[in-house]
Each structure stands twice: as C-alpha cells, then as structure tokens.
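Listed here are the chains, written in short residue letters.
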Amino acid sequence: MTTLDPVPGGRPGDVALAGELSEQLASQGVAGVVLSWVDTAGINRIKAIPVTGLVSAVSWGVGMSPVFDTMLSDGSLVSTDLAGGPQGDLRHFPDLDALVVLAAQPGWAWAPIDRLTQDGEVHAGCSRSLLRRLVADLAGHGVTFRASVEIEFALGLSDAPPAQFEPACTGPAYGMTRLVEQSDFCADALAALAEQGVDVHQLHPEYAAGQYEVSVGALDPVGAADRSVLVRQTLRAVARNHGLLISFAPSVVAGGVGSGGHIHLSAWRDGENLHAVGDGPLGMTPYAQSFVAGIIAELPALSALLSPSPSSYLRLLPSNWSGAYACWGHENREAAVRLVAGMVGNRDRAANVEIKSTDLAANPYLALAGLLAAGTSGVQRSLPLGDPVDGDPAALSDAERARLGIRRLPTDLSAAADAFEASPVLRQALGDLLAGAVVAVRRGEVARVAEESPENVARAFRWVY
C-alpha cells in the first residue's frame, strides 16, 4: 500500500513498475487486472483492464462515472446537492503495491484503486483516499494503527430454489462435522489465501446454519480494508469453484444469528502497543482509554457506517453477541466494544479493541475512517473511559443501564442515519460530499424496503454483499 496519492502521469516509479508487472503477469498467464473499489452502499464495484493496460492505468487512470457515490445496493440511484446524476467522470488509479494475482480466478490479478477528478484532485468521495489521509495525519502525530476485519459468511447450496437459503452443511455449531462436510472448500480457501500472501489466523465453523469465519492478520488500516475486500473476493471464487453460493449479508435468514465483520484496532507509538503498556484498565494508556471512549461516544452515529444495511438491524439485537449496546467490557461479547487483553506473555503485542457491531455490508474504508475519526476526537477531548460492563447489558433494568451510561444502538437504519447526520465529528471527517452521500444512500435503502417483512428484507440483501 503506497502512502502517496495518485497523480496524473503516475506516482514516482509507477510507470516503470507497471511496465515490468505487465510483462511478468503475462508470463504467468494473467490476462486481466481487476480494478476494485467499494462504494457508499458497501458494494465492491470494479472495472477490468488487460495487463497491457497497466501503464496507461497508473499514468492516466481508467474512467468511471461518479454516480456510484449515490448508487444503492440494488443499482437504483439517489442524489444529493453534491453527488449523483449522469454528468461527470473520474479516473481510477490502481495501487500497484497492493496488486495480487488471484489464486482462485486463473487469468486474473486484482488491485484496489484511488479516485481522482479529471483535474487531478483526489475525489472527495474516495473512501480509500480518505482513510489513507487520516492514517497519514495520525502517523504525523506519532501514532500508528494496526487493524484487521473478521470475515463471517454463510455457505449455501446452489441448487436450492431462488427464494430460499439451503445451508451447505448440517453439522452443529463450531463442530468438526461442518469442517468434514466442507473439507475441500475450506482447504482450497486456505491454500488460495496463502498463495495470495494473506496470513490466516483461523478458519472455523460458526454458530448459524452454514456459517464459517476467517480471521486474518493485522495490517495498517488501509491494508486491512484492502485485505477484507480481497479475502471476500477469494472466498466467493473458491465457493463458486465448488458449486456453492456464499453470503456475507448481515442477516442471511431473518430470525437467526447473523454474520458480522468485527473490526480489531490497536494504537501504537514508538513500537509500543498503547492498549497494553499503560497503568489504566487492562494496561491501557490514557491515549487508548480516550480513544475507546471516543468510539463509544460516537457509536450511534457510527452505526450508519458500521451497520449500513436494513439487513444489519435483523442482526444487531440484544443477547445475540452482536454488540447492540454502546459500552465496553473485558472480553464481553455482548458489549459493542470488546477489550481483548491477549494471552499472558503476549499482551504487549496482542491487546486490541474489537468493534462487534460492524458487519460486512460496511464499506471497510469508511468504517475504519469513522472509527479513527471518533477515537481521535475522544483523545483530543481527553474523554474519560467509563467502567467496563460485565455480562449482558440486556439483563439490566432500564434504570441500571441509564445509571451506567449504557445506550442501546439504533434499532433501524433510519435512526442510524439521523444519528450520523447529527454528528459533527463524523460529518467533518468525511467531508460534505461523502457525508451527504452516506445519508442519502442509507435513506434510499430504508425507503426501498420500508414495507417489507423481515423475511423479505433478509432475502433482498442475501446475495448482495
């Protein structure tokens, strides 16, 4: 991942590197390169070019309409005063440092992109560029971050009726039976991810029918977001190679336990993990405490970025391990913010904060940008971190939750959009164009399923993400 914005004519060394990569990829049998970005609705959109087009792409970009800033997940369009409509064009520049040959899609390579206007300016709606600039600004103040995104997904049978989800395994939650039932898929997924340089920490059966999870190693936030997109694309390709369907939707079947995309974050300064070397709770430094407090303060508004689909609110329920309450706890899987201390002897490296209310409908670049902005706001205001919550907040009375400052997160996407719109912290961090697009897209998604039953909402988004 380069730390530089793209520029017309190419970043230093990019044109020469693109020429070398073009020849190298062709010699490996790669015919095309997928240029990938994630839009406001959380959809991985692409253009593809032949390998011979790499030099032109890094020099002058590849054209694409800015309309995707306000496109809904079903392809319908909304607009704002600053975004939407048929006019205009952008240029997409691949990040060659992040280019990967796709192990499960022979003939293809993949690279994330940044978006410029035709005047050579970074597009105000480019979430990847936004995240990179936030990371660079924090690094300029001596703080770096490591992040990873958990990938939960459900495997379905491809010969099931179109309106139904038939799980591809029937074994018990977390059981070895499920691994046996999809042994070839899991082995091929591990092999493909390893070939692509993704260090996998775990692959295991999860709780819901047909559900699995892949946990991967941490990178800088931009690299972590790139990796999240790449891992999902790889798993989808492996599933298709095995005749399976795969869903990353927050709720595959209404009424069941949904799939999350938990984000892990840790702050570092001078090689020290700020969540492990302090005198505060669980070894947190004052910086880490205020950073976590800032996230908790903004969690209702962050829901529009972390839980951005109507389907998200079929998952984000109390007593569901989804993090439905804005509070923190030590290894508490019912708190929206779980403090992971790590194993004794490894805490200085492993300690981190997990945001459990996140799902994979989220644009990972926007989600991480929002978390960094919220946490940094907490640091700037020296917000105190309240007491940790033990057990399930849903088991407490309303009065007890109020006394402890525990808030229920929004129960629908409309309320999340309202909270986001009322947050100066997040709106300032995203800027007018992108913040306006977030609100418009969220309200557009709400409107199109407003009269639908939970079953129909789950069905509408089941195969979208």
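Conventions we followed
Residues numbered from 1 in each chain as written. Predicted model: local features only at pLDDT ≥ 70, side-chain atom pairs only at ≥ 80, totals over all residues. Heavy atoms only, no water. Buried < 20%, exposed > 50% of the residue type's maximum accessible area, 1.4 Å probe, protein only. Helix = DSSP H or I, 4+ residues; strand = E, 2+ residues; numbered from the N terminus. Pairing = 2+ DSSP bridges. Arc of directions from axis to C-beta. Contact = heavy atoms within 4.5 Å. Polar contact = N/O pair within 3.5 Å; in protein donor to acceptor, adjacent residues only side chain to side chain.

Enquirer: Looking at this structure, how should I read the pairing of strand β1 (residues 32–38)?
Expert: Consecutive residues of a regular strand have side chains that alternate between opposite faces of the sheet. Along β1, seven of the seven residues are buried, which leaves the element largely enclosed by surrounding structure. Residues Gly 32, Val 34, Ser 36 and Val 38 of β1 are buried on one face, and the alternating residues Val 33, Leu 35 and Trp 37, pointing to the opposite face, are buried as well. Where β1 meets strand β6 (residues 108–117), five bridges bridge the pair, whose relative direction is parallel. Counted as the bridge partner of Gly 32 is Trp 108 from β6. Where β1 lies against strand β2 (residues 44–50), seven bridges are found, and the strand directions are antiparallel. Each bridged residue has a counterpart across the sheet, and for Gly 32 the counterpart in β2 is Pro 50. Counting the residues that bridge the hairpin from β1 to β2 gives five residues, and of these Gly 42 lies at a positive phi of roughly 90°.

Enquirer: Which parts of the structure should I look at to understand helix α12 (residues 413–421)?
Expert: Given 3.6 residues per helical turn, the α-helix brings residues three or four places apart onto the same face. Within α12, burial applies to Leu 413, Ala 416, Ala 417 and Phe 420. Angular distribution of buried residues about the axis of α12 spans 100°; they occupy a single face of the element. Buried positions along α12 lie against α7 (286–306), α8 (312–315), α13 (424–430) and α14 (432–448). Put simply, Asp 412 is the residue that caps the front of α12, since its side-chain oxygen is 3.1 Å from the backbone nitrogen of Ser 414.

Enquirer: So what exactly am I meant to see when it comes to unusual backbone geometry here?
Expert: Of note, the phi angle at Tyr 174 is positive, near 60°, even though the residue is not glycine. Among the secondary structure elements, Tyr 174 is positioned in the loop between β8 (151–157) and α4 (176–181). With relative accessibility at 42%, the residue Tyr 174 sits in the partly exposed group. The backbone phi angle of Ser 319 is positive, close to 60°, even though this residue is not glycine. Topologically, Ser 319 is positioned in the loop between α8 and β14 (325–330).

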